[in-house]
Amino acid sequence: MSTDCLQALHRVRQWLQDAHHIAMLTGAGVSAESGVPTFRDAQTGLWAHFRPEDLATVEAFRRNPPHVWAWYAERRTQMRDVLPNAGHRAVADFQRRHPGRLTLATQNVDGLHQRAGSPGVLALHGNIFEDQWLEPCALARRAQDGCTVEQAEAGQPPRCGQCGNLVRPAVVWFGEMLPAAALAEAEQAAGRCDVMLVVGTSGAVYPAAGLAHLARARGARVVIVNPHPSELDDVADEVLAGPSAKLLPQLLEF
Ligand code: OAD
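In short, a report on the structure. (Residues numbered from 1 in each chain as written. Predicted model: local features only at pLDDT ≥ 70, side-chain atom pairs only at ≥ 80, totals over all residues. Heavy atoms only, no water.)

**Points about the site of the ligand**
Then comes step 1: Around the ligand, a shell composed of 23 residues is seen, among which Phe39, Arg40, Thr201, Ser202 and Asn226 lie nearest.
Then comes step 2: Separating an oxygen atom of the ligand from a side-chain N or O atom of Ser202 is a distance of 2.6 Å.
Then comes step 3: Asn226 is positioned such that a nitrogen or oxygen atom in its side chain is 2.7 Å from an oxygen atom of the ligand.
Then comes step 4: Within the complex, 93% of the 790 Å² of free accessible area of the ligand lies under protein.
Then comes step 5: The cavity that encloses the ligand is the largest pocket.
Then comes step 6: Within the shell around the ligand, the residues separate by chemical class into 9 nonpolar, 11 polar and 3 charged. (Near = heavy atom within 4 Å. Polar contact = N/O pair within 3.5 Å; in protein donor to acceptor, adjacent residues only side chain to side chain. Areas by Shrake-Rupley, 256 points an atom, 1.4 Å probe, with all protein chains shown as cover. 1 Å grid on protein atoms, 1.4 Å probe; cavity = no way out; pocket = protein on both sides within 12 Å on 5 of 7 lines; lining within 4 Å. Sits in = over half its atoms within 2 Å of the grid points. Nonpolar A, V, L, I, M, F, W, Y, C, P; charged D, E, K, R; others polar.)

**Concerning the side chain of Ser118**
Then comes step 1: Relative to the elements of secondary structure, Ser118 occurs in the loop between helix H6 (112-116) and strand S3 (122-123).
Then comes step 2: Looking at Ser118, its side chain comes within polar contact range of the side chain of Gln95, at 2.6 Å.
Then comes step 3: With near-sequence residues (within four places) excluded, Ser118 lies in contact with Val91, Ala92, Gln95, Leu104 and His113. (Helix = DSSP H or I, 4+ residues; strand = E, 2+ residues; numbered from the N terminus. Contact = heavy atoms within 4.5 Å.)

**Thoughts on the sheet that holds strand S7 (residues 221-225)**
Then comes step 1: Spatially, S3-S2-S1-S6-S7-S8 is the arrangement adopted by the 6 strands of the open sheet, whose pairing is parallel. On the outer flanks of this sheet lie S3 and strand S8 (238-240), each paired with one strand and no other.
Then comes step 2: Summarising the sheet, strand S1 (residues 22-26) and strand S2 (residues 102-106) pair through 5 bridges and their orientation is parallel. Note on S2: the bridge partner recorded for Thr26 is Thr106. (Pairing = 2+ DSSP bridges.)

**Quick look at the layout of surface pockets**
Then comes step 1: Of the voids in this model, the largest pocket is the one considered here, and its volume is about 840 Å³.
Then comes step 2: Lining of the largest pocket is provided by 46 residues; of these, Ala28, Phe39, Arg40, Thr201 and Ser202 occupy positions nearest its centre. (Points joined across faces, edges and corners; volume = space filled by probe spheres on them.)

**Looking at the pairing of S7**
Then comes step 1: Among the 5 residues in S7, 4 count as buried, and that is most of the element.
Then comes step 2: Relative to S7, strand S6 (residues 195-199) is paired through 5 bridges, and the arrangement is parallel. Pairing of Val198 across the sheet is with Ile224, part of S7.
Then comes step 3: Where the polypeptide runs from S6 across helix H9 (residues 210-217) and back to S7, its parallel neighbour, the crossover connection is right-handed.
Then comes step 4: Pairing of S7 with S8 involves 3 bridges; the strand directions are parallel. What sits directly across from Val225, in S8, is Leu240. (Buried < 20%, exposed > 50% of the residue type's maximum accessible area, 1.4 Å probe, protein only. Right-handed = clockwise from strand over helix to strand, strands pointing away.)

**Concerning the side chain of His98**
Then comes step 1: Tracing the sequence through the fold places His98 in the loop between helix H5 (86-97) and S2.
Then comes step 2: A relative accessible area of 18% means that His98 is categorised as buried.
Then comes step 3: A polar side-chain atom of His98 sits 3.1 Å from a polar atom in the side chain of Arg101.
Then comes step 4: Within the structure, the side chain of His98 is placed 3.0 Å from the backbone oxygen of Phe254, a separation counted as a polar contact.

**Quick notes on the packing of aromatic side chains**
Then comes step 1: Considering all chains together, one arrives at 5 aromatic pairs under this definition.
Then comes step 2: Note on Tyr72 and Trp173: the rings are 5.9 Å apart at their centroids and 55° apart in plane angle, and the pair reads as tilted. Here Tyr72, found in helix H4 (residues 65-80), pairs with Trp173, found in the loop between strand S5 (167-171) and helix H8 (180-192); they are 101 residues apart in sequence, far enough to count as distant.
Then comes step 3: Among the residues examined, Tyr72 registers a relative accessible area of 4% and is labelled buried.
Then comes step 4: Every member of this aromatic cluster is reached through a ring pair, and the members are Phe50, Phe61, Trp71, Tyr72 and Trp173.
Then comes step 5: Lying over the aromatic face of Trp173, Arg168 brings its terminal NZ or CZ to 3.9 Å of the ring centre. (Phe/Tyr/Trp six-rings, centres within 6.5 Å; stacked < 30°, edge-to-face > 60°. Lys NZ or Arg CZ within 6 Å of the ring centre and 35° of its normal.)

**Quick look at unusual backbone geometry**
Phi is mostly negative for residues that are not glycine, and the peptide bonds are mostly trans.
Then comes step 1: Omega for the bond connecting Tyr206 with Pro207 falls within 30 degrees of zero, at 15°, which places this linkage in the cis form.
Then comes step 2: For Pro207, the location among the structural elements is in the loop between S6 and H9.

**Digging into the pattern of salt bridges**
Then comes step 1: Applying the stated criterion across every chain yields a total of 7 salt bridges.
Then comes step 2: The partner of Arg51 in a salt bridge is Glu53, with the nearest N and O atoms 3.7 Å apart.
Then comes step 3: Overall, the relative accessible area of 48% leaves Arg51 in the partly exposed class.
Then comes step 4: The salt bridge partner of Glu176 is Arg168, with a shortest N-O separation of 2.7 Å.
Then comes step 5: Here the salt bridges do not stand alone but share partners, grouping Arg51, Glu53 and Asp54 into one network. (Salt bridge = Lys/Arg side-chain N within 4 Å of Asp/Glu carboxyl O.)

Structure representation (structure tokens):
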């Protein structure tokens with residue numbers, strides 16, 4: 001690591017040590033070293049091989065439920081086999097040592113922060129391992145409380161045994177609202193933090209990326225951890241260029 005990088009690392013570590021409250025936003029890059037593909041990395045990102053409009057919108061699911069269901073089923077299988085990495089663990093360990101000092105919001109649906117032991121993770125884009133009913137009808141809402149999902153034919157998404165609703169993964173698709181309570185809590189944390197850590201995200205997707213702008217506007221220091229340039233670099237007080245599994249332990253071990 002160059003002298004400049006080391007100095008930047010020490011500077012950020014000092015900001016974190018001085019901070020009463022830290023807000024953190026993570027994206028796919030934080031799970032890259034666990035073996036989960038990102039979305040926008042040029043060769044390895046999912047959106048380099050698939051079109052989001054064919055897979056990550058409610059219109060795509062309505063057009064071709066088996067296709068979208070099968071893609072998410074495969075991603076669920078891949079994600080079940082991966083483990084939290086040193087970056088996830090460094091955050092969870094920090095939260096254990098400093099209860100209430102760091103609010104963690106993630107765009108990731110892989111559950112790795114939760115599996116590492118982070119409490120109260122604000123899952124802004126949902127959870128790939130959970131199901132949700134396609135139609136938000138009253139019967140569906142009641143049914144979700146105690147209903148069983150019918151066994152589906154091979155390749156088909158299951159249906160609710162009571163209302164017949166199609167079951168979809170509980171992730172936020174393009175054009176959909178984020179879970180309101182989680183977003184509100186993340187905005188509150190960004191608005192009152194002293195330091196905002198933005199880790200492993202391209203910063204291309206809003207409203208999540210807006211958290212960094214909000215923190216900056218309220219006077220917090222914004223720090224990016226990412227081996228490549230991101231769309232939020234202009235907002236940052238410091239950009240630490242490197243992988244999160246290496247840098248987060250160095251930043252948060254105090
Ligand atoms: P992206 O794929 O857009 O960005 C991943 C970022 O991680 C890139 O900036 C990489 O440079 C960086 N990265 C790669 N390896 C890393 C490492 N080892 N350590 C740290 N950073 C690394 O993923 P997101 O920003 O999370 O939404 O994407 C945001 C949303 O867009 C996702 O939640 C998903 C996607 O479409 C939906 O599916 C609705």
